[in-house]
Amino acid sequence: MIEVRNLTKLYGDHAAVSDLSFNIEKGQIYGFLGPNGAGKSTTMNIMTGCLAATSGEVKIGGYDIVEEPQKAKKLIGYLPELPPLYPDQTPKEYLEFVAEAKGVRKAEAKKQIAHAMQVTQIEDVQNRLCKNLSKGYRQRVGIAQALLGDPEVIILDEPTVGLDPKQIIEIRDLIRELGKEHTVILSSHILSEVQAVCETIMIINKGKLVACDSAENLESFFSGRFELSLTADCGKERAEELVAAEGLNVEKSDEKDGKTFLTVSTQREDGDEICRELFFRFSKAGIALLSMSASKASLEDVFMKLTQESEDSPAEEQAPAGEQETAEGGSSAADDDASVIAPEEYKEEAGY
Ligand code: ADP
Ligand code: MG
């Protein structure tokens, strides 16, 4: 349904989106997940023809968004980050205006507006001024607007931002409903949200796609990584040395009161055998292991690991101008840090 190929958007020498490629199949709900500044809105704006890419291409139902914008745009309904409402119009007036702008015929428009208002449950407020609506209702009007023209794909940029918990649940239910008849792509920086409504999760970080899979597959791939938390009755250096001798990666290591608290990981799957070997290695060295517990990676861990670097150091703010990431020479944050799961590693395994 949608093909995105090698999409790059540069602002000066900063790549907001960097060589992004993915496919969207018909009939699913996709979640575009990433921290603030990851490039979600930029990508959506390019996909919907609101923003020109620096390079790369987007095809909607086979139509290039730049070469055949009218045909391509007919297939998509878009709710941008800020719903483009006019404060002094009522939802009804606004929807009539949008339907006309989208070229929907009068009689058909009437039907579609009634349907959109019913689906988004805004019939009761249709004659109130938009400026007097709550944020939740304004968001619904924004979604109703996206439905006009009966597009196959609905693209929603952070549709629940700024809503209260009750409104969030209502909008999520609405998105699930939309998913029955449309292909839906929504963006969010909140994992639980994407997990709650999306069938496929695309994790984007610093303008790059770092994972794309179902929640279950993402979880099970990473849970293949065996993680152990240890408390060793010795100093940090000695503990790390013994763990490394076992071929394990040190994820975290803190020394306190002569004890070292470690988190280690491995791709080996024989968890019990690793525990046994560690137990004897430490005991041979005359050091007691005070605790040892295995843990599985949750989707939360997956998301944190894949996007860790951007939280630690928001690159575009901190890096000197000359060292900013660029489309050509940019190294992904994750590549630079051995403790972060390299996206490439994930991609290879996942086979895309
Ligand atoms: P997200 O929607 O994931 O929060 P955006 O797509 O809005 O991320 O932004 C991605 C990156 O591009 C950010 O680093 C942001 O600061 C930068 N950016 C976005 N729009 C502009 C612009 N008009 N000019 C310069 N930089 C921009
Ligand atoms: Mg955004």
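Residues numbered from 1 in each chain as written. Chains lettered and ligands numbered in written order. Predicted model: local features only at pLDDT ≥ 70, side-chain atom pairs only at ≥ 80, totals over all residues. Heavy atoms only, no water.

### Let's talk about the sheet that holds strand β2 (residues 14-24)
An order of β2-β1-β4-β5 is seen for the four strands of this open sheet, with the pairing classed as antiparallel. The open sheet has two free edges, formed respectively by β2 and β5 (63-64), since each of these has just one partner strand. Strand direction decides the pairing type here: strand β1 (residues 2-11) and strand β4 (residues 55-60), joined by five bridges, are antiparallel. If you follow V4 over to β4, its bridge partner there is V58. (Pairing = 2+ DSSP bridges. Helix = DSSP H or I, 4+ residues; strand = E, 2+ residues; numbered from the N terminus.)

### Here we look at the pairing of strand β12 (residues 249-256)
Along any regular strand the residues' side chains alternate between the sheet's two faces. In this sheet, strand β13 (residues 259-266) lies alongside β12 in antiparallel orientation, the contact comprising seven bridges. If you follow V250 over to β13, its bridge partner there is V264. Once β12 ends, the chain turns through two residues before running back antiparallel as β13, passing D257 with a positive phi of about 50°.

### Regarding helix α3 (residues 91-101)
By the burial criterion, the buried members of α3 are P91, Y94, L95, V98 and A99. Along α3, the residues classed as buried sweep out an arc of 135° about the axis, all on the same side. Across α3 from its buried face, at more than 90 degrees, point the exposed residues E100 and A101. Structurally, α3 contributes buried residues whose contacts are with α4 (106-119) and α5 (135-147). In the segment just after α3, G103 is the residue with positive phi, at about 75°. (Buried < 20%, exposed > 50% of the residue type's maximum accessible area, 1.4 Å probe, protein only. Arc of directions from axis to C-beta. Contact = heavy atoms within 4.5 Å.)

### Considerations on the coordination of the magnesium ion (ligand 2)
Taken together, S41 (OG) and E81 (OE) make up the full set of protein donors to the magnesium ion (ligand 2), lying 2.0 to 2.5 Å away. Within this pair, whereas S41 is found in helix α1 (residues 40-47), its partner E81 is found in the loop between β6 (76-79) and α3, the two being separated by 40 residues in sequence. On the accessibility criterion, S41 (18% relative accessible area) is buried. (Donors = N, O, S within 2.8 Å, 3.2 Å for Na, K, Ca; no water.)

### Topic: the packing of α3 against α4
Packing of α3 against α4 leaves a shortest axis separation of 10 Å and a crossing angle of 130°. Comparing their axes, α4 and α3 come out oblique. α3 and α4 meet at a crossing whose hand is right-handed. Packed against α3, whose contacting residues are L95, E96 and A99, the element α4 presents A109, I113 and M117 at the interface. Its residues assigned to classes, the contact of α3 with α4 comprises five nonpolar, no polar and one charged. (Axes fitted to C-alpha atoms, helices over the stretch in contact; angles between N-to-C directions. Parallel < 35°, antiparallel > 145°, perpendicular 65-115°, else oblique. Left-handed = near helix turned anticlockwise from the far one by under 90°. Nonpolar A, V, L, I, M, F, W, Y, C, P; charged D, E, K, R; others polar.)

### Points about α4
Residues spaced three or four apart along an α-helix point in a common direction, a consequence of the helix completing one turn every 3.6 residues. With 14 residues, α4 extends 20 Å from end C-alpha to end C-alpha; this agrees with the ideal 20 Å at 1.5 Å per step. The set of residues buried in α4 consists of A109, Q112, I113, A116 and M117. Axial view of α4: buried residues confined to an arc of 130°, hence all on one face. More than 90 degrees from the buried face of α4, the exposed residues found are A107, K110 and K111. Where the residues of α4 are buried, they touch α3 and α5. (Expected span 1.5 Å × (residues − 1).)

### Focus on the sheet that holds β12
Spatial ordering of the open sheet is given by β12-β13-β11-β14, a layout of four strands whose pairing is antiparallel. If you trace the sheet from one side to the other, it starts and ends with β12 and β14 (289-295), each paired once. With strand direction ignored, the average angle separating the axes of adjacent strands in the sheet is 15°. Contacts between helix α9 (residues 236-245) and the sheet are confined to β11 (226-232), β12 and β13, with β13 contributing the most and set at about 25° to the helix.

### Quick word on the pattern of salt bridges
Within this structure, the stated rule accounts for 15 salt bridges. The salt bridge partner of K131 is D88, with a shortest N-O separation of 2.7 Å. In this pair, K131 sits in the loop between α4 and α5 while D88 sits in the loop between β6 and α3, placing the two residues 43 residues apart along the sequence. K131 gets classed as partly exposed once you look at its relative accessible area, which sits at 46%. The exposure class assigned to D88 is exposed, which follows from its relative accessible area of 53%. (Salt bridge = Lys/Arg side-chain N within 4 Å of Asp/Glu carboxyl O.)

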